[in-house]
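Inside the fold
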Amino acid sequence: MTPDLKNKRVLLGISAGIAAYKTPDLVRKLGELGAEVQVVMSKNSEQFVAPLALQAVSGHDVHHYAMTADSESGMGHIDLARWADVVLIAPATANIIARLVQGNADELLTTICVATEARIAVAPAMNQQMWQNPATESNLTTLAQREVLILGPDSGDQACGEVGPGRMLQPVDIAQQLANSFHTGQLTGKKVMITAGPTWEALDPVRGITNHSSGLMGYALAQAAVEAGAEVTLVSGPTHIPSPDHCAIKNVKSALDMHEAVMQSIDQQDIFIGVAAVADYRPVASADQKIKKNADEMTISLVKNPDILADVASLEKRPFCVGFAAETNDVESYARAKLERKKLDLIAANHVGGTETGFGTPDNAITLISSEHSEALPKANKYALARELVERIATHFEQKNH
Ligand code: PMT
């Protein structure tokens, strides 16, 4: 499987080096791997590449270097810092590398780098003497220690006529190396089953009981687990989201269907993550034909559905079990009670009912709770949050199995 950048937001920072002329191609290569790209130009970079070209290939307005009332009233520096999954600086001149080391916040791009929690990647591009200068060497070492990803440089003919190391990597290689960096390998060789979406409890052939789960959180977790190297089975209730690549998908409708699909191969799984919003009750019977509007009142009798997560967690040979707890109030205490009652290893307490996080929203925020510890994972888009969560799940799984 070749790593890609699907559902990744790349903020491309362009500094003032001659290799900036290659950045429209870089934007395209990032896009071809699935990334959404926005561009921030540093001071003077506009002398090497036209903002209009970058706007055309990225499909977004280009952000200019100065922080003005205008730029801050649109997507300001904090919004951009939060939007990005990765800030990629390409080309990264010796100057901007030094300013990153200093933590300067003297223009939009450097301010974003100080303000972001996203990873930062740099693709150095400079004259070979500048590259070999001890100051540059030491700056790069500092950045690497801070877990900044250094992509390249390449070696060969340079724009200044010299030959040596310091050329920016080709756009295709930058894009691929960036994609590779999201593939952590933390769950290589592990089998992960995830439930996602709502269930549909039929009343008759055209009506049923369901909820607002879009499936996005579960699908994002499936993608993050694939990126971490796992073999993923996604058991999904009815959703409108395209299936993530490289995972086996079992489409189901009702809670009973979901229970059956899970139990069929649960004995082969290392990790089970219950993200689905499973209906707790279903109609006692589903009518064969459309129910007619005759009586003024009607009563629907419901019967309890099996609890899929609790059943998995009580198996003799059970996988590592992670649940979600969607709550509108007393979120942590209800979640903790579910962790204990269902005998889970971890539970993600999910505040729902507002408009910003939870059911059907692009973003989410959770508190991850185990029997002895809890950690808040703040609001982020569901794909970014899923990567954070998979990293934590892999670490807890490792600890339990050693
Ligand atoms: O799909 P999205 O729009 O992206 O929204 C994501 C989400 C809000 C649905 C998700 O983040 C979430 O919180 N999922 C759990 C929803 C839920 O129904 O929680 P619960 O508290 O009712 O259930 C607790 C746990 O038991 C869950 O892991 C659930 O999957 C599981 N369960 C519940 C009932 C049941 N019969 N079987 C189960 O397996």
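Below, the structure is looked at part by part. Fair warning: this is a prediction, and the values are worked out from it, not measured in the lab.

Here is what the cut-offs are and how they apply
Residues numbered from 1 in each chain as written. Predicted model: local features only at pLDDT ≥ 70, side-chain atom pairs only at ≥ 80, totals over all residues. Heavy atoms only, no water. Salt bridge = Lys/Arg side-chain N within 4 Å of Asp/Glu carboxyl O. Helix = DSSP H or I, 4+ residues; strand = E, 2+ residues; numbered from the N terminus. Axes fitted to C-alpha atoms, helices over the stretch in contact; angles between N-to-C directions. Parallel < 35°, antiparallel > 145°, perpendicular 65-115°, else oblique. Left-handed = near helix turned anticlockwise from the far one by under 90°. Contact = heavy atoms within 4.5 Å. Nonpolar A, V, L, I, M, F, W, Y, C, P; charged D, E, K, R; others polar. Pairing = 2+ DSSP bridges. Near = heavy atom within 4 Å. Polar contact = N/O pair within 3.5 Å; in protein donor to acceptor, adjacent residues only side chain to side chain. Areas by Shrake-Rupley, 256 points an atom, 1.4 Å probe, with all protein chains shown as cover.

1. Examining the pattern of salt bridges
- Per the counting criterion, the structure on display carries 16 salt bridges.
- Here Asp345 makes a salt bridge to Lys400, at a shortest N to O gap of 2.7 Å. Taken together, the residues span a long stretch of sequence, with Asp345 in the loop between α13 (331-341) and β17 (346-351) and Lys400 in helix α14 (residues 382-400) at a distance of 55 residues.
- Taken together, the salt bridges that share partners define one network made up of Asp4, Lys6 and Asp245.

2. Details of unusual backbone geometry
- Pro91 follows Ala90 through a cis peptide bond whose omega is -5°.
- For Pro91, the position within the fold is in strand β3 (residues 86-92).
- Its identity as a non-glycine residue notwithstanding, Asn44 has a phi of 75°, on the positive side.
- Of note, Asn44 is situated in the loop between β2 (36-41) and α2 (51-58).

3. Quick notes on the packing of helix α5 (residues 94-102) against helix α8 (residues 134-145)
- Two numbers describe how α5 lies on α8: the axes approach to 9 Å, and their chain directions differ by 50°. Classed by the angle they form, the pair α5 and α8 counts as oblique. The two elements α5 and α8 meet at a crossing, and its hand is left-handed. Touching Ala94, Ile97, Ala98, Leu100 and Val101 of α5 are Thr136, Asn139, Leu140, Thr142 and Leu143, all from α8.
- Residues that form the contact of α5 with α8 fall into these classes: seven nonpolar, three polar and no charged.

4. With respect to the sheet that holds strand β12 (residues 248-251)
- A sheet is described by the order of its strands in space; here eight strands give the open sequence β12-β11-β8-β13-β16-β17-β18-β19, paired in mixed fashion. Each edge of the sheet is formed by a strand with only one pairing partner; in this case those strands are β12 and β19 (374-381). Taking the axes of each pair of neighbouring strands and ignoring which way they run, one obtains an average angle of 15° across the sheet.
- Pairing of strand β8 (residues 191-196) with strand β11 (residues 231-236), which is carried by six bridges, proceeds in the parallel orientation. Each residue of the ladder has a partner; that of Met193, found in β11, is Thr233.
- Where α13 meets the sheet, its contacts fall on β16 (320-327), β17, β18 (363-369) and β19, and the angle it forms with β17 comes to roughly 150°.

5. Quick word on the site of the ligand
- Around the ligand there are 27 residues in total, and Ser213, Gly274, Ala276, Lys338 and Asn350 lie nearest to it.
- In this structure, a nitrogen atom belonging to the ligand sits 3.1 Å away from a main-chain N or O atom of Ile308.
- Between an oxygen atom of the ligand and a side-chain N or O atom of Asn350, the distance comes to 2.6 Å.
- Expressed as a share of its isolated accessible area of 780 Å², the protein-covered part of the ligand is 95%.
- Going through the elements one at a time, α10 (216-227), α12 (308-313) and β16 are the ones with two or more residues in the shell around the ligand.
- Of the residues forming the shell around the ligand, the biggest block, four residues, is contributed by β16.
- Tallied by class, the residues present in the shell around the ligand amount to 13 nonpolar, nine polar and five charged.

In short, geometric facts, not functional conclusions.
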